[in-house]
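# Commentary on secondary and tertiary structure
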Amino acid sequence: MRKMLAAVSRVLSGAAQKPANRVLVASRNFANDATFEIKKCDLHRLEEGPPVTTVLTREDGLKYYRMMQTVRRMELKADQLYKQKIIRGFCHLCDGQRCVLYCFMLSSLTQEACCVGLEAGINPTDHLITAYRAHGFTFTRGLSVREILAELTGRKGGCAKGKGGSMHMYAKNFYGGNGIVGAQVPLGAGIALACKYNGKDEVCLTLYGDGAANQGQIFEAYNMAALWKLPCIFICENNRYGMGTSVERAAASTDYFKRGDFIPGLRVDGMDILCVREATRFAAAYCRSGKGPILMELQTYRYHGHSMSDPGVSYRTREEIQEVRSKSDPIMLLKDRMVNSNLASVEELKEIDVEVRKEIEDAAQFATADPEPPLEELGYHIYSSDPPFEVRGANQWIKFKSVS
Amino acid sequence: MNLFQSITSALDNSLAKDPTAVIFGEDVAFGGVFRCTVGLRDKYGKDRVFNTPLCEQGIVGFGIGIAVTGATAIAEIQFADYIFPAFDQIVNEAAKYRYRSGDLFNCGSLTIRAPWGCVGHGALYHSQSPEAFFAHCPGIKVVVPRSPFQAKGLLLSCIEDKNPCIFFEPKILYRAAVEQVPVEPYNIPLSQAEVIQEGSDITLVAWGTQVHVVREVASMAKEKLGVSCEVIDLRTILPWDVDTVCKSVAKTGRLLISHEAPLTGGFASEISSTVQEECFLNLEAPISRVCGYDTPFPHIFEPFYIPDKWKCYDALRKMINY
C-alpha cells in the first residue's frame, strides 16, 4: 500500500499528490523541533551577543526552506529571462551562473539566507530599506513572485507598475530598491526616526553593501542615529566584492561591523539562516529597548557577478566560487540540518522544490504575457497634483498628462 | 579606433607628456567598466593609475586637492548619474577656487570624465545627461564630444586647459562609433562649435549622440522636403560658442535645438533665449526645442522618451511651414 502510494505520488504532480504524501509523511514521525548550535558573533562595544544555540521548529524550517528556495529559483528564472532579452535594463541578481550576454541584472543568489533570516527576526510591521539587490527582500516583505517578475519585464502587473524595473521595487514597509549606492542609508535613519516618533515599538533595518560602506553619507547617518538614539539596525551585507573590487582593496578597515565606531556592532555568518535570525532578534530587541542604533555585518557571498554583464570570474577564481557553493550554500545548510535532525525528509523538501518551480514558471508566464503599461502613463506620478497637469514633451506640440 | 579607444589614446598621450598626470576613479585600474583606461596602469605604474573606493564626493574633492598643488588630475566618475554626490565639490569648490582666492590658487588641472547619455537599457540611473546642471555654474567648462576623433582632441584640450573641466562621454558611442584617429596628440579648441554641414533654410544644433540623429534628420529634410539644413555640433556646453550659432541663425532664420535631457531647464533653453535676444529680427519661426520629456528617465518607455529623428523631423516640418 505504501509503495503504491509512493509510486502514485511520483507519477502525478500537483495538488492531487499532496494528500497521499501527507499520509505518507504523517506516518513517519518527525521531530517537532531541534536545537542547533550556531556560530558565535564577533562583538564590538557589546558585552554579550546573540545566543549560540537556537531552536528551529519543523514548521519554521519548512517555511524558511520554501522561502529561500523561492528566492533562488526566482533569481535563476530572472537570469534566464534576461538572457532571452525578455528582461532588459540593469538587473542585479543573487545567483551564481555564468552570464555571457551584455546585460545588467543584480541578483541575490546565496544572499537568500540574509533576506529570509532577517525577515524571520523581525515583525511585518517593522520597516526595511535596501540597495539595488532587492528582489529577495521584495519577496520576503510580502510581494508575490508574479509581481516581482512582471516588474522585471516592465509590465503593468509589476509592483511598481512597470516603471521601476529591477532596482526599484517596493512593498508595504519595504522602501526599496534604490539605485544610487549608499543613498538609502540616510533614508533608513529617517524611517527609524519616524518609528521612534510614532512610538509603536517598530525598528528599521537599513541595508547597504561593503562597497557602499565607504560612502560619506553612511557616516552621516551613523552620527544622526547614534545622537538621537534612533531604532535603526544598520546592516552591511558584506559579499566581499564591491562590483569587481575586493574589500581589501577598497576599505582601510574591513571590519565593517566596527565601522560605526560609537555604534555597537556584531559580525554574523550570513550564510547560516539561523545565525542571521538570532542576530536579528538580538539587534531588534536592542533597538526596541531604546538603546539606540546597532550595526550588523552579514558575511555572505554572491555566486553571480555584480550584475548580468559581469561574469564574476575576472576578479576572483572559479575555485573560490565553487568552494563557497559546495561548503557554505545556505539552502544546502538548512536542508542538511533539517534532514539530519529528522525535522523533514528529503522527499518532502524535494516536493517543496517542485512546487516552487511550478510557482515560478507560472509567474514567469504571467510576466511574459502581461501587457506593458500604456504610453499615457509615461507622465504619471511625477508630482502629486490635483488636477492633473501637462508634461511638456519632446517638442512644443507633444504633451502628456500627469496624473497622480 | 572607437570612442573608448580614442579616450585611452588621449589619456596615454597625457600621461606620457605630463609627468604629474594621474588617473583615478572607481575600477580604472583594470581598465574601467567601459575599457577607457585599459593598459594604462601597466604602462605608467600603479601610483599614476589607481582605484578609489566607492565615494564620488571623495573622488572629486581629492582631485581638486591634487590639482591645487599643480599636478594634473584626471578623475573618472563611473556614470554621469552618480556625479551628484560630487556636485557640491564641483560647484562650490572647483568652480570658485580661482575666483575666491583672487587668482592665488586654482584647480585648473582637474578634468572629470563621466559616461553620459542614454544607452537603450539604462533606465533611471545609467542614462542621464546632466550637462544643464553644470551649465549653470560659472568657473567650470563642460564638454561633450560626438565621435572618437572629436573626443581625443577635446579631451586633450580639457586636460591641458587651465580650468576645471567636465568631459561627458556618450556611452552609447563607446563601441558604436569608429573613426580614423591619429595616434599622436592633437588638440581641438574648446568653446568653438563646429558647423558640420552648411545649409540655408534651418539651423540644427545638438551635441554628443544627438548630433548623429540631427544629421540624419537633415538628410531626411533634404530628401523629402528639399530643405537645406545647417548642422552645428556645439561641442563645448560651457562656455558655449554664441557667435557661430547666431551667425548661422542670422543666415537661415530658423533654429531647432535637440538634446536628450528633459526640456524644462535643459541647455536648449539657454541657447534659445540668447539667440532670440541676438537674432530676434532674423527669426522666421519660433525656436524649436526637441528634448526629453519632463520626467525621470524611464525604464520601460525609453524609446518613446528620447527625442528621436521622427520627433525632430516633425518639429522641423512645422517650423518650415510656420
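Reading guide: rules and limits
Residues numbered from 1 in each chain as written. Chains lettered and ligands numbered in written order. Predicted model: local features only at pLDDT ≥ 70, side-chain atom pairs only at ≥ 80, totals over all residues. Heavy atoms only, no water. pLDDT = per-residue confidence, 0-100. Pairing = 2+ DSSP bridges. Helix = DSSP H or I, 4+ residues; strand = E, 2+ residues; numbered from the N terminus. Axes fitted to C-alpha atoms, helices over the stretch in contact; angles between N-to-C directions. Contact = heavy atoms within 4.5 Å. UniProt positions renumbered as here; feature names shortened; annotations may be inferred. Patch = residues over 30% accessible without salt bridge, like charges linked within 9 Å, V, L, I, M, F, W, Y side chains within 5 Å. Areas by Shrake-Rupley, 256 points an atom, 1.4 Å probe, with all protein chains shown as cover. Salt bridge = Lys/Arg side-chain N within 4 Å of Asp/Glu carboxyl O. Lys, Arg positive; Asp, Glu negative; His and termini not counted. Charge placed at Lys NZ, Arg CZ, Asp CG, Glu CD. Buried < 20%, exposed > 50% of the residue type's maximum accessible area, 1.4 Å probe, protein only. Phe/Tyr/Trp six-rings, centres within 6.5 Å; stacked < 30°, edge-to-face > 60°. Lys NZ or Arg CZ within 6 Å of the ring centre and 35° of its normal. Buried area = accessible area lost by both parts, 1.4 Å probe. Nonpolar A, V, L, I, M, F, W, Y, C, P; charged D, E, K, R; others polar.

### Points about the confidence of the model for chain B
Per-residue confidence for chain B gives a mean pLDDT of 93; residues scoring 70 or more make up 100%. Listed scores for the predicted complex are pTM 0.83 and ipTM 0.78.

### Concerning the sheet that holds strand S8 (residues 202–206) of chain B
Residue and element names in this part refer to chain B. One open sheet holds the five strands; their spatial order is S7-S9-S8-S11-S12, and the pairing between them is mixed. Looking at strand neighbours, the two that pair on one side only are strand S7 (194–197) and strand S12 (288–292), the edges of this open sheet. Direction aside, neighbouring strands of the sheet carry axes that sit 25° apart on average. Bridging between S8 and strand S9 (residues 229–233) involves five bridges; their strand directions are parallel. When the sheet's bridge partners are listed, Leu-204 is paired in S9 with Val-231. Strands S8, S9, strand S11 (255–262) and S12 of the sheet are contacted by helix H13 (residues 309–320), whose axis makes an angle of about 150° with S11.

### What about the UniProt feature "domain: Transketolase-like pyrimidine-binding" (unreviewed entry) in chain B?
Those places that UniProt annotates as "domain: Transketolase-like pyrimidine-binding" (unreviewed entry) correspond, in this numbering, to residues 1–176 of chain B. In this annotation, residues 1–176 of chain B is assigned 38% helix and 15% strand; the end-to-end C-alpha distance for the span is 10 Å.

### A word on a negative patch on the surface
Residue and element names in this part refer to chain B. Among the surface-exposed residues, Asp-243, Glu-270, Glu-277 and Glu-278 lie close enough to one another that they form a single negatively charged patch. As for its placement among the helices and strands, Asp-243 is situated in helix H10 (residues 242–252). For Asp-243, a relative accessible area of 62% gives the class exposed.

### Here we look at the packing of aromatic side chains
Using the criterion set out here, one finds 20 aromatic pairs over all chains in the structure. Seen in terms of ring centroids, Phe24(B) and Phe50(B) are 5.7 Å apart; in terms of plane orientation they differ by 15°. Their pairing is stacked. Taken as a pair, Phe24(B) in strand S1 (residues 22–25) and Phe50(B) in strand S2 (residues 49–51) lie far apart in primary sequence, 26 residues in all. Taken together, the aromatic side chains of Phe84(B), Phe87(B), Phe133(B), Phe134(B) and Phe168(B) make up a single cluster linked through ring pairs. Above the plane of the ring of Phe366(A) lies Arg146(A), whose end atom (NZ or CZ) is 4.0 Å from the centre. Here the basic side chain of Lys224(B) rests over the ring of Tyr313(B), its NZ or CZ set 5.8 Å away from the ring centre.

### Overview of the interface of chain A and chain B
Contact with chain A, which involves 43 residues of that partner, is made by 37 residues of chain B. Roughly 3300 Å² is buried in total at the junction of chain A and chain B, and carbon and sulfur atoms are behind 64% of that figure. If you look at where chain A meets chain B, you find zero salt bridges. In terms of residue class, the side of chain A that touches chain B is built from 20 nonpolar, 16 polar and seven charged.

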